[in-house]
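# Fold and contact review
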Amino acid sequence: MTLTESSGSGMSPSIRAKVERYSAEISSIAKDQLVSVAIFGAAVTRDWRPSWPIHHVIVTTTDDLDLITGLGRGLRRQALKIGLSAPLLVTREMIASSLDTFPLEWLEIRTCHETVGGTEVFNSLTCDREPLRLQCERESLTIAMTLRQRALSLGSGDMPLADLAEQAVRVARGLIHFTSGSSLAAPSDVIAQASTLLSIDLKPIMAAWNGEVGTVATKRMYDALTQLGKKSDRA
């Protein structure tokens, strides 16, 4: 288990039991092709709430489409009942080759995950500084562009913000790691530390994470994303 001391899992014991049964089903289908099953992201921190999906990653020995199809047939309904999002399906080789392409995602998984089946494979992951900086810059710009597109098509009062907040937390975590070398799990800790470390107000991101919507929330979120983008560009 890889969590900061202050994180604490947000999953209830009943959901955790269902996740463990789901992991056991994966093992029964994949057999010796299974390497690891892990829950990651907010679900293993105190900031997760039941309305949010539970992210998970499945590591297998080979990139086998037949196995993937079999897992889908056998587990899709069970995953939906639990509230699991579609799994990230990878091999060890895929992880190693994508550390410089998706460093923010692998940093998140390394920082806040709980292995629920198979063996631990994420604690030793490392991310180089320059790919991390570049993805922080790219992602912060992409989030702001998405917000603009939604404002154009939906109007700021009707705009969903929580998914953009989740992405922004990922960028903030990357900037903290790039700047100080530390890693934080819980989104509230990430936003608080990034606000202090970067000298910008990122509280609107956490407000959006917690479900705040509307014209005022959207404007504040936009301002926070603009500041985050500038810090990413100058990192």
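See above for the structure.
The rules behind each value
Residues numbered from 1 in each chain as written. Predicted model: local features only at pLDDT ≥ 70, side-chain atom pairs only at ≥ 80, totals over all residues. Heavy atoms only, no water. Helix = DSSP H or I, 4+ residues; strand = E, 2+ residues; numbered from the N terminus. Rg over C-alpha atoms; globule rule 2.2 N^0.38 Å. Buried < 20%, exposed > 50% of the residue type's maximum accessible area, 1.4 Å probe, protein only. Contact = heavy atoms within 4.5 Å. Areas by Shrake-Rupley, 256 points an atom, 1.4 Å probe, with all protein chains shown as cover. 1 Å grid on protein atoms, 1.4 Å probe; cavity = no way out; pocket = protein on both sides within 12 Å on 5 of 7 lines; lining within 4 Å. Points joined across faces, edges and corners; volume = space filled by probe spheres on them. Nonpolar A, V, L, I, M, F, W, Y, C, P; charged D, E, K, R; others polar. Phe/Tyr/Trp six-rings, centres within 6.5 Å; stacked < 30°, edge-to-face > 60°. Salt bridge = Lys/Arg side-chain N within 4 Å of Asp/Glu carboxyl O.

## Regarding the overall build of the protein chain
The helix and strand tally for the protein chain stands at 9 helices and 4 strands. Written out in order from the N terminus, the α and β elements of the protein chain read α-β-β-α-β-α-α-β-α-α-α-α-α. For 235 residues, the compact-globule estimate of 2.2 N^0.38 gives 18 Å, and the protein chain sits close to it at 18 Å. When its C-alpha atoms are laid out on the principal axes, the protein chain stretches across 50 × 35 × 35 Å. Taking all 235 residues of the protein chain together, the buried fraction comes to 49%. Contacts in the protein chain between residues far apart in sequence, at least 24 positions, make up 74% of those at least 6 positions apart. Of the roughly 11,000 Å² of accessible surface on the protein chain, 54% is carried by carbon and sulfur atoms.

## Quick notes on the layout of surface pockets
Rolled over the atoms, a probe with the dimensions of a water molecule shows which regions are left empty. The computed volume of the largest pocket comes to approximately 270 Å³. For the largest pocket, the lining is made up of 17 residues, of which F40, H56, L88, E105 and I109 are closest to its centre. Every element with two or more residues in the lining of the largest pocket is listed here: β2 (55-60), β3 (88-91), α3 (92-98), α4 (103-111) and α6 (162-180). Broken down by element, the lining of the largest pocket gets its largest block of residues, 4 residues, from α4. Of the residues assigned to the lining of the largest pocket, the class counts are 9 nonpolar, 4 polar and 4 charged. Its volume calculated, the second largest pocket comes out at about 230 Å³. Along its surface, the second largest pocket is lined by 15 residues, and Y22, R76, A79, A86 and P87 are the ones closest to its centre.

## What to know about the packing of aromatic side chains
The full count for this structure, using the stated rule, is 2 aromatic pairs. Where W52 meets W209, the ring centres are 4.5 Å apart and the plane angle is 20°; that geometry is what we call stacked. Remark: W209 occurs in helix α8 (residues 203-209) and W52 occurs in the loop between β1 (34-40) and β2; sequence separation between them is 157 residues. The class of W209 is buried, set by a relative accessible area of 2%. Here W106 and F122 contribute two aromatic rings whose centre-to-centre distance is 6.5 Å and whose plane-to-plane angle is 20°, an arrangement assigned as stacked. Of this pair, W106 sits in helix α4 while F122 sits in the loop between β4 (113-118) and α5 (129-154); the two residues are 16 residues apart in sequence, bridging distant segments of the chain. A single burial state applies to W106 and to F122, both of which are buried.

## Topic: the pattern of salt bridges
Two side chains with opposite charge may pair up if their charged atoms get near one another. All chains considered together, the criterion is met by 8 salt bridges. The salt bridge partner of E108 is R170, with a shortest N-O separation of 3.0 Å. Of this pair, E108 sits in helix α4 while R170 sits in helix α6; the two residues are 62 residues apart in sequence, bridging distant segments of the chain. For R170, a relative accessible area of 15% translates into the label buried. Between R133 and E137 there is a salt bridge, with the nearest N and O atoms lying 3.3 Å from each other. Residue R133 and its partner E137 are both found in helix α5; the two are separated by 4 residues, about one turn of the helix. Here R133 and E137 have matching classes, each one buried.

## A few points about unusual backbone geometry
Even without glycine at this site, K31 takes up a positive phi of about 55°. In this structure, K31 sits in the loop between α1 (13-30) and β1. The exposure class assigned to K31 is exposed, which follows from its relative accessible area of 58%.

## Re the environment of Q227
Here Q227 lies in helix α9 (residues 215-234). Contacts of Q227, omitting those with residues within four sequence positions, involve I200 and D201.

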